[in-house]
Amino acid sequence: MKETVGIGIIGTGFAKTVQIPSFLAAGHAGVVSIASGSIENAESAARQFSIGHFTDDWRETVQNDAVDLVCITTPPDLHKDMTLLALEHGKHVLCEKPMALNVAEAEEMTSAAKAAGVLVLIDHELRFQPGRQLAFHMIRDGVIGRIRHARYTFEASHRGDPAVAWNWWSDADRGGGALGAINSHIIDSFNWFLGSEINEVYCQLQTNIKERPDPDGRLRPVSSDDQANMLLRFADGETTSDATGLVSVSMTDGTGYKNRIEFFGDKGAMQIDYRGAIKISERGETEWTDVDTDLGEPLEGVGDTGFSRGFLQFASRIIEAIRSGAGSVEMAATFDDGLKVQRVLDAARRSNEGGCAVSL
């Protein structure tokens, strides 16, 4: 068994706040290289976590002999090239969502992953919240019966401030926007929880803040969406029967943070909040009942949006799999799963452009 897993990090946003602390807490792992488009950001992160190598050239991190696992936490337009080079060098890969800009890129990445024979995963860390894993099994045990409808509500109003600076998130060509950042998680959540896939999507995208200041203070047009709403139909599967879905996502509106998924079955309903706390209601009841749920632990010093609770659990599973030579992590999202999500994202964009439902 491998004693210590060497990790190379590309990106200093989510990686710095959540991924690095989680990997270090997992044990038997060390971050040996970090790359960022900004050498100042790379150096700052390296000093904070005592990382021996930092660079503004991500290829140096990928090609570093001490790196076993490459974590790609960059804008989506960079994912394909970084993933392909990492696989070419025999590295394990954890890629942020959405996995690519479009289906063509995702297919190329998935094909390369299958040929590489290494551990290759998408960072859908919400799957690893203890509460969500309990809910996964409850749904399969038939606690709420066959599911007829699923509903997801996400609100995080911090991008409602027009003073938030223009960056890649404002640029559709780089993969910015709510659809890729948030709806990708939601699509994966539905696919995973239900064990069936989305076969029809109607999507409406909206850009509420149409200009943002660039670093020089000049207003620059925003080409990405900050609101992404979807109507869905699901294929019949192990838990679904003629089921529909409703998704409401806003990065500009709301009274606070909300990240909630609900399932409605022929025997009752289930609600899961951002931490993984579960409520159920039997058919005919008018009140929710709390389910005794292990919520895991959030990272200290990080706003508790639920994501760090999942990643803390996920990180230890990844390290364990690499150390033992396992080719997979139970419950983790594979590149096949990422490709399924990408197909829905591409269909959602076609739906928005054409003003009609799109079948998959």
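Refer to the structure above for everything that follows.
As a further point, take the overall build of the chain. Summing up its helical and strand segments, the chain has nine helices and 18 strands in all. A globule of 360 residues ought to have a C-alpha radius of gyration of about 21 Å, and the chain, at 20 Å, matches this closely. Each of the three principal axes of the chain carries a C-alpha extent, and together these read 60 × 55 × 40 Å. Expressed as a percentage of its 360 residues, the buried residues of the chain come to 55%. Pairs at least 24 apart in sequence give 71% of the contacts found in the chain among residues at least 6 apart. As displayed, the chain offers around 15200 Å² of accessible surface, 45% of which is attributable to carbon and sulfur atoms. Taken together, the 34 basic and 52 acidic charged side chains of the chain have centroids lying 3 Å from each other.

Of all hydrophobic cores here, the largest spans 78 residues; its most connected members are Ile-7, Phe-23, Phe-190 and Phe-263. Counting residues per element, this core draws most heavily on helix H7 (residues 178-194), at 10 residues. Excluding anything up to four places from it in sequence, Phe-23 contacts Ile-7, Ala-29, Leu-69, Cys-71, Leu-94, Phe-311, Ala-315, Ile-318 and Ile-319. Counting 25 residues, the second-largest nonpolar core is a separate cluster that includes Val-62, Leu-87, Ala-333 and Leu-339.

What follows is about the pattern of salt bridges. If the charged atoms of two oppositely charged side chains come close together, the side chains can form a pair. Applying the stated criterion to the full structure yields 20 salt bridges. Glu-43 serves as the salt-bridge partner of Arg-47, at 2.6 Å between the closest nitrogen and oxygen. Of the two residues, Arg-47 and Glu-43 are both situated in helix H2 (residues 39-49); the distance of four residues between them amounts to about one turn of the helix. On the basis of relative accessibility, which here comes to 63%, the residue Arg-47 falls in the exposed class. Glu-43 sits in the partly exposed class, given a relative accessible area of 27%. Here Glu-108 ties to Lys-80 by a salt bridge, and the two come within 3.5 Å at their closest N and O atoms. Taken as a pair, Glu-108 in helix H5 (residues 103-116) and Lys-80 in helix H4 (residues 79-88) lie far apart in primary sequence, 28 residues in all.

With respect to the element layout, Met-230 can be found in strand S11 (residues 227-234). The exposure class assigned to Met-230 is buried, which follows from its relative accessible area of 1%. In sequence terms Met-230 and Leu-84 are 146 residues apart; their C-alpha atoms lie 32 Å from each other. Not counting chain neighbours up to four residues away, the residues in contact with Met-230 comprise Leu-179, Asn-183, Ile-187, Val-201, Tyr-202, Cys-203, Gly-245, Leu-246, Val-247 and Ala-348.

Strand residues, when the strand is regular, have side chains that alternate between the two faces of the sheet. Looking at chain direction, strand S7 (residues 147-155) and strand S12 (residues 240-250) are connected through eight bridges and run parallel. Paired with Tyr-152 across the two strands is Val-247, which belongs to S12. Here seven bridges tie S11 to S12, and the two strands are oriented antiparallel to one another. Its bridge partner being in S12, Ala-228 is matched across the sheet by Val-249. What sits between S11 and S12 in their antiparallel hairpin is a turn of five residues.

Attention shifts here to the side chain of Asp-226. By the element assignment, Asp-226 lies in the loop between strand S10 (219-221) and S11. For the buried Asp-226, no salt bridge exists, and the shortest N-O distance to an oppositely charged side chain is 4.6 Å, to Arg-212. Among the polar contacts listed, one links the side chain of Asp-226 to the backbone nitrogen of Ile-209, at a separation of 3.1 Å. With sequence-adjacent residues up to four places away left out, Asp-226 is seen in contact with Ala-178, Gln-206, Thr-207, Asn-208, Ile-209, Val-249, Ser-250, Met-251 and Thr-252.

Judged by pairing direction, the sheet is mixed, and its nine strands sit side by side in the order S16-S15-S14-S13-S7-S12-S11-S8-S18 without closing on themselves. Whereas interior strands pair on both sides, the edge strands pair on one side only; in this sheet they are strand S16 (289-291) and strand S18 (358-359). In this sheet, strand S13 (residues 258-265) lies alongside S7 in antiparallel orientation, the contact comprising eight bridges. Within the sheet, the bridge partner assigned to Ile-147 lies in S13 and is Gly-265. Packing against the sheet, helix H9 (residues 335-354) makes contact with strand S8 (198-206), S11 and S18, and its axis sits at approximately 55 degrees to S8.

Reading the values: rules and limits
- Residues numbered from 1 in each chain as written.
- Predicted model: local features only at pLDDT ≥ 70, side-chain atom pairs only at ≥ 80, totals over all residues.
- Heavy atoms only, no water.
- Helix = DSSP H or I, 4+ residues; strand = E, 2+ residues; numbered from the N terminus.
- Rg over C-alpha atoms; globule rule 2.2 N^0.38 Å.
- Buried < 20%, exposed > 50% of the residue type's maximum accessible area, 1.4 Å probe, protein only.
- Contact = heavy atoms within 4.5 Å.
- Areas by Shrake-Rupley, 256 points an atom, 1.4 Å probe, with all protein chains shown as cover.
- Lys, Arg positive; Asp, Glu negative; His and termini not counted.
- Charge placed at Lys NZ, Arg CZ, Asp CG, Glu CD.
- Core = buried A, V, L, I, M, F, W, Y, C linked by side-chain atoms within 4.5 Å.
- Salt bridge = Lys/Arg side-chain N within 4 Å of Asp/Glu carboxyl O.
- Pairing = 2+ DSSP bridges.
- Polar contact = N/O pair within 3.5 Å; in protein donor to acceptor, adjacent residues only side chain to side chain.
- Axes fitted to C-alpha atoms, helices over the stretch in contact; angles between N-to-C directions.

Nothing here speaks to function; it is all geometry.
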